[in-house]
Amino acid sequence: MKIFDGARRLQIWGAVLAAIGIVDAAYLWYVKLTHGVILCGVGECETVNASPYASLLGIPVAALGLVGYAALCIGAVWAWRAQDHAPAWLTTVRFVMACGGLFFAAYLTGIEAFVLHAYCIWCLLQATAMLGIFLLLWLERKLVNA
């Protein structure tokens, strides 16, 4: 197995996790826009989604997440499709985006834990997806730069 074969597998998994994030964020944004009820079997999703922390400068956090996950998904698919011809900077840009996403997800999870004292299973799913994307990109960088 060549190094790039391993990197391509990581890119596919990164795209899958980003797609999960897209669906999750799109659902939360839809609920926010329609003032609907969140399907939440575990946790206190309504409390979290109705909190002032669910928006940043008037923009729903779910909308920001949707854009971020879409960019990460597009980047992963681009890197996978381009194979050995992907721009050298693409993995670095994706990694920096994942670092920012992971930092923001950790911040929001901290808000849930220490300020709201309420957890949203959908938010935790997004944080887990972002952690996975970060780890996959960290491994991809190690493989490509080996």
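Everything here concerns the structure above.
None of these values were measured; they are calculated from a predicted model.

1. Points about the environment of Asp 84
Among the structural elements, Asp 84 can be located in the loop between helix 3 (61–82) and helix 4 (89–116). Accessibility expressed as a relative area gives 44% for Asp 84, which makes it partly exposed. A sequence separation of 37 residues divides Asp 84 from Thr 47, and the C-alpha atoms of the two residues are 46 Å apart.

2. What to know about the packing of helix 4 against helix 5 (residues 121–144)
Relative to each other, helix 4 and helix 5 sit at 150 degrees, their axes nearing to 9 Å. On the basis of the axis angle, helix 4 is roughly antiparallel to helix 5. Remark: the crossing between helix 4 and helix 5 carries left-handed chirality. From helix 4, Thr 91, Thr 92, Arg 94, Phe 95, Ala 98, Cys 99, Gly 101, Leu 102, Ala 105, Thr 109 and Glu 112 reach across to helix 5, where they touch Cys 123, Leu 124, Ala 127, Met 130, Leu 131, Ile 133, Phe 134, Leu 137, Trp 138, Glu 140 and Arg 141. Of the residues belonging to the contact of helix 4 with helix 5, the class tally is 14 nonpolar, four polar and four charged.

3. Looking at the nonpolar core
Ala 18, Tyr 69, Leu 72, Ala 98, Ile 133 and Leu 137 are the most contacted members of the largest nonpolar core, which totals 13 residues. For this core, the secondary-structure elements that each account for two or more residues are helix 1 (3–34), helix 3, helix 4 and helix 5. Considering every element that reaches this core, the biggest residue donor is helix 5, with five residues. With residues up to four places along the chain from it excluded, the contact list for Ala 98 reads Leu 72, Met 130, Ile 133, Phe 134 and Leu 137. Judged by nonpolar contacts, the second largest core, of nine residues, contains Tyr 27, Ile 38, Val 48 and Ala 62.

4. Observations regarding the pattern of salt bridges
As a working rule, side chains carrying opposite charge can pair if their charged atoms are close by. Per the stated rule, a full pass over the model turns up one salt bridge. Residue Glu 140 pairs with Arg 94 through a salt bridge whose shortest N-O separation is 3.0 Å. You can see Glu 140 sitting in helix 5 and its partner Arg 94 sitting in helix 4, a full 46 residues away along the chain. Accessibility assignment for this pair places Glu 140 and Arg 94 in one class, buried.

Calculation rules
Residues numbered from 1 in each chain as written. Predicted model: local features only at pLDDT ≥ 70, side-chain atom pairs only at ≥ 80, totals over all residues. Heavy atoms only, no water. Helix = DSSP H or I, 4+ residues; strand = E, 2+ residues; numbered from the N terminus. Buried < 20%, exposed > 50% of the residue type's maximum accessible area, 1.4 Å probe, protein only. Axes fitted to C-alpha atoms, helices over the stretch in contact; angles between N-to-C directions. Parallel < 35°, antiparallel > 145°, perpendicular 65-115°, else oblique. Left-handed = near helix turned anticlockwise from the far one by under 90°. Contact = heavy atoms within 4.5 Å. Nonpolar A, V, L, I, M, F, W, Y, C, P; charged D, E, K, R; others polar. Core = buried A, V, L, I, M, F, W, Y, C linked by side-chain atoms within 4.5 Å. Salt bridge = Lys/Arg side-chain N within 4 Å of Asp/Glu carboxyl O.

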